[in-house]
Amino acid sequence: MAIREILTAPDPRLRRISTPVEVVDDAVRALMDDMVETMYDAKGIGLAAIQVDVPRRVIVMDLAGEDEEPSPIYFVNPEILDPSGETSLYQEGCLSVPEFYEEVERPAKCRVRYLDYNGVETTLDAEGLFATCIQHEMDHLNGVLFIDHLSRLKRDRILRKLKKEQRLAAMA
Ligand code: GNR
Ligand code: NI
(Lines give C-alpha, C1' and ligand atoms only; values in the text may rest on other atoms or scores of the structure.)
(Ligands and ions follow the chains in the order given, each with its own letter.)
Protein backbone atom coordinates (compact mmCIF):
# COMPACT_ATOMS: atom_id res chain seq x y z
CA MET A 1 0.00 0.00 0.00
CA ALA A 2 1.19 3.49 -0.76
CA ILE A 3 -0.01 7.05 -0.59
CA ARG A 4 -0.09 8.56 -4.08
CA GLU A 5 0.13 12.20 -5.12
CA ILE A 6 -3.20 13.91 -5.85
CA LEU A 7 -3.36 16.06 -9.00
CA THR A 8 -4.60 19.63 -8.52
CA ALA A 9 -6.60 21.81 -10.95
CA PRO A 10 -5.94 23.19 -13.52
CA ASP A 11 -3.74 20.16 -14.29
CA PRO A 12 -4.92 19.06 -17.77
CA ARG A 13 -4.53 15.40 -16.77
CA LEU A 14 -7.72 15.80 -14.69
CA ARG A 15 -9.62 16.48 -17.94
CA ARG A 16 -8.98 13.07 -19.49
CA ILE A 17 -11.89 10.64 -19.93
CA SER A 18 -11.21 7.51 -17.88
CA THR A 19 -11.51 4.17 -19.65
CA PRO A 20 -13.32 1.06 -18.35
CA VAL A 21 -11.50 -1.62 -16.40
CA GLU A 22 -11.53 -4.96 -18.26
CA VAL A 23 -10.98 -7.32 -15.32
CA VAL A 24 -11.01 -6.63 -11.58
CA ASP A 25 -7.67 -8.30 -10.91
CA ASP A 26 -4.98 -7.93 -8.24
CA ALA A 27 -3.48 -4.91 -10.02
CA VAL A 28 -6.85 -3.11 -9.85
CA ARG A 29 -7.26 -4.13 -6.20
CA ALA A 30 -3.75 -2.79 -5.44
CA LEU A 31 -4.74 0.51 -7.08
CA MET A 32 -7.93 0.63 -4.98
CA ASP A 33 -5.97 -0.12 -1.79
CA ASP A 34 -3.60 2.77 -2.57
CA MET A 35 -6.55 5.04 -3.35
CA VAL A 36 -8.22 4.31 0.00
CA GLU A 37 -4.96 4.96 1.84
CA THR A 38 -4.49 8.20 -0.12
CA MET A 39 -8.09 9.27 0.54
CA TYR A 40 -7.80 8.66 4.31
CA ASP A 41 -4.47 10.50 4.42
CA ALA A 42 -6.05 13.50 2.67
CA LYS A 43 -9.19 13.34 4.87
CA GLY A 44 -11.48 12.99 1.85
CA ILE A 45 -14.72 11.00 1.60
CA GLY A 46 -14.20 9.92 -2.02
CA LEU A 47 -11.47 9.62 -4.62
CA ALA A 48 -11.44 8.85 -8.35
CA ALA A 49 -8.44 7.08 -9.92
CA ILE A 50 -7.86 10.01 -12.30
CA GLN A 51 -7.04 12.15 -9.24
CA VAL A 52 -3.95 9.97 -8.71
CA ASP A 53 -3.15 10.12 -12.44
CA VAL A 54 -4.69 6.75 -13.38
CA PRO A 55 -7.35 7.30 -16.09
CA ARG A 56 -9.45 4.19 -15.28
CA ARG A 57 -13.08 4.02 -14.19
CA VAL A 58 -12.39 3.32 -10.51
CA ILE A 59 -13.74 5.17 -7.44
CA VAL A 60 -13.35 4.65 -3.70
CA MET A 61 -15.52 6.23 -1.02
CA ASP A 62 -15.96 6.12 2.74
CA LEU A 63 -18.79 8.08 4.33
CA ALA A 64 -18.24 6.81 7.89
CA GLY A 65 -17.94 9.52 10.53
CA GLU A 66 -14.72 10.17 12.41
CA ASP A 67 -15.80 8.14 15.44
CA GLU A 68 -17.09 5.22 13.34
CA GLU A 69 -15.35 2.16 11.96
CA PRO A 70 -13.85 2.74 8.50
CA SER A 71 -16.17 1.36 5.79
CA PRO A 72 -14.61 1.82 2.37
CA ILE A 73 -16.71 1.18 -0.75
CA TYR A 74 -15.01 0.27 -4.05
CA PHE A 75 -16.63 1.04 -7.41
CA VAL A 76 -15.31 -0.28 -10.72
CA ASN A 77 -16.97 0.82 -14.00
CA PRO A 78 -19.80 2.58 -12.12
CA GLU A 79 -22.95 3.73 -13.91
CA ILE A 80 -25.52 6.18 -12.55
CA LEU A 81 -29.10 5.00 -13.07
CA ASP A 82 -32.49 6.62 -12.47
CA PRO A 83 -31.38 10.10 -11.34
CA SER A 84 -34.32 11.75 -9.55
CA GLY A 85 -36.03 14.83 -10.94
CA GLU A 86 -35.86 16.23 -7.43
CA THR A 87 -32.52 17.93 -6.81
CA SER A 88 -30.55 18.91 -3.74
CA LEU A 89 -27.94 21.56 -3.03
CA TYR A 90 -24.79 20.45 -1.31
CA GLN A 91 -21.67 22.36 -0.36
CA GLU A 92 -18.98 20.42 -2.25
CA GLY A 93 -15.24 20.34 -1.98
CA CYS A 94 -12.64 18.40 -3.96
CA LEU A 95 -9.17 17.14 -3.11
CA SER A 96 -8.12 18.36 -6.58
CA VAL A 97 -9.53 21.85 -5.87
CA PRO A 98 -8.11 22.30 -2.37
CA GLU A 99 -9.63 24.80 0.07
CA PHE A 100 -12.62 25.84 -2.06
CA TYR A 101 -16.19 24.91 -1.14
CA GLU A 102 -19.26 25.85 -3.18
CA GLU A 103 -22.88 24.72 -3.44
CA VAL A 104 -23.69 22.45 -6.37
CA GLU A 105 -27.18 21.31 -7.43
CA ARG A 106 -27.55 17.66 -8.47
CA PRO A 107 -30.26 14.98 -8.54
CA ALA A 108 -31.11 14.20 -4.91
CA LYS A 109 -31.30 10.44 -5.48
CA CYS A 110 -29.94 7.92 -7.95
CA ARG A 111 -28.89 4.31 -8.24
CA VAL A 112 -25.34 3.19 -8.92
CA ARG A 113 -24.45 -0.08 -10.64
CA TYR A 114 -20.81 -1.19 -10.49
CA LEU A 115 -18.39 -4.04 -9.97
CA ASP A 116 -17.21 -4.38 -6.38
CA TYR A 117 -13.72 -5.18 -4.97
CA ASN A 118 -14.18 -8.80 -6.06
CA GLY A 119 -15.61 -7.99 -9.48
CA VAL A 120 -19.18 -8.81 -8.45
CA GLU A 121 -21.93 -6.70 -10.08
CA THR A 122 -23.75 -4.70 -7.42
CA THR A 123 -26.47 -2.02 -7.38
CA LEU A 124 -27.04 0.47 -4.57
CA ASP A 125 -29.67 3.15 -4.00
CA ALA A 126 -28.08 6.48 -3.14
CA GLU A 127 -29.46 9.59 -1.51
CA GLY A 128 -28.12 12.44 0.61
CA LEU A 129 -24.34 12.77 0.77
CA PHE A 130 -23.88 9.37 -0.88
CA ALA A 131 -25.83 10.48 -3.98
CA THR A 132 -23.91 13.77 -4.15
CA CYS A 133 -20.53 12.09 -3.71
CA ILE A 134 -21.04 9.32 -6.27
CA GLN A 135 -22.14 11.90 -8.86
CA HIS A 136 -19.11 14.09 -8.01
CA GLU A 137 -16.81 11.07 -8.48
CA MET A 138 -18.57 10.00 -11.68
CA ASP A 139 -17.92 13.50 -13.04
CA HIS A 140 -14.18 12.96 -12.44
CA LEU A 141 -14.28 9.85 -14.63
CA ASN A 142 -15.61 12.07 -17.42
CA GLY A 143 -13.04 14.83 -16.90
CA VAL A 144 -15.48 17.11 -15.08
CA LEU A 145 -14.78 19.01 -11.83
CA PHE A 146 -17.39 20.42 -9.43
CA ILE A 147 -16.29 23.94 -10.36
CA ASP A 148 -17.61 23.26 -13.87
CA HIS A 149 -21.10 23.42 -12.31
CA LEU A 150 -20.50 27.00 -11.08
CA SER A 151 -20.77 30.28 -12.98
CA ARG A 152 -17.81 31.08 -15.18
CA LEU A 153 -16.98 34.02 -12.94
CA LYS A 154 -16.74 31.81 -9.82
CA ARG A 155 -14.86 29.06 -11.66
CA ASP A 156 -12.30 31.43 -13.16
CA ARG A 157 -11.77 33.13 -9.81
CA ILE A 158 -11.04 29.75 -8.17
CA LEU A 159 -8.73 28.64 -10.99
CA ARG A 160 -6.81 31.93 -10.84
CA LYS A 161 -6.28 31.54 -7.08
CA LEU A 162 -5.17 27.90 -7.51
CA LYS A 163 -2.63 28.91 -10.16
CA LYS A 164 -1.29 31.63 -7.88
CA GLU A 165 -0.99 29.14 -4.99
CA GLN A 166 0.94 26.77 -7.25
CA ARG A 167 3.29 29.55 -8.40
CA LEU A 168 4.03 30.45 -4.80
CA ALA A 169 4.48 26.80 -3.80
CA ALA A 170 6.93 26.26 -6.68
CA MET A 171 9.11 29.12 -5.40
CA ALA A 172 9.29 27.77 -1.83
O1 GNR B 1 -13.68 14.82 0.33
C2 GNR B 1 -14.57 15.20 -0.43
N3 GNR B 1 -15.68 15.77 0.08
C4 GNR B 1 -16.82 16.05 -0.67
C5 GNR B 1 -17.78 16.86 -0.10
C6 GNR B 1 -18.95 17.16 -0.79
C7 GNR B 1 -19.13 16.64 -2.05
C8 GNR B 1 -18.18 15.82 -2.62
C9 GNR B 1 -17.03 15.53 -1.94
S10 GNR B 1 -15.85 14.50 -2.66
C11 GNR B 1 -14.39 15.07 -1.89
C12 GNR B 1 -13.19 14.21 -2.28
C13 GNR B 1 -12.95 14.32 -3.76
O14 GNR B 1 -12.39 15.23 -4.29
N15 GNR B 1 -13.41 13.36 -4.50
O16 GNR B 1 -13.27 13.40 -5.82
NI1 NI C 1 -13.25 15.54 -6.33
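Residues numbered from 1 in each chain as written. Chains lettered and ligands numbered in written order. Predicted model: local features only at pLDDT ≥ 70, side-chain atom pairs only at ≥ 80, totals over all residues. Heavy atoms only, no water.

Novice: Please set out the pattern of salt bridges residue by residue, giving values where relevant.
Specialist: Summed over all chains, the structure comprises 13 salt bridges. D53 is paired through a salt bridge with R16; the nearest N and O atoms lie 2.7 Å apart. In this pair, D53 is assigned in the loop between β1 (46-48) and β2 (58-61) and R16 in the segment before α1 (26-41), connecting sequence segments 37 residues apart. Look at the salt bridges and you will find they share partners, linking D11, R13, R16 and D53 into a network. (Salt bridge = Lys/Arg side-chain N within 4 Å of Asp/Glu carboxyl O. Helix = DSSP H or I, 4+ residues; strand = E, 2+ residues; numbered from the N terminus.)

Novice: Can you tell me about the packing of aromatic side chains, naming the residues and giving the values?
Specialist: Enumeration according to the criterion identifies 3 aromatic pairs in this entry. Consider the rings of F75 and F130, whose centres lie 6.3 Å apart with planes at 35 degrees: the pair is tilted. Of this pair, F75 sits in strand β3 (residues 73-81) while F130 sits in helix α2 (residues 128-141), and the two are 55 residues apart along the sequence. Of the two residues, F75 and F130, both sit in the buried class. Of the aromatic side chains, those joined through ring pairs into one cluster are F75, Y114 and F130. (Phe/Tyr/Trp six-rings, centres within 6.5 Å; stacked < 30°, edge-to-face > 60°. Buried < 20%, exposed > 50% of the residue type's maximum accessible area, 1.4 Å probe, protein only.)

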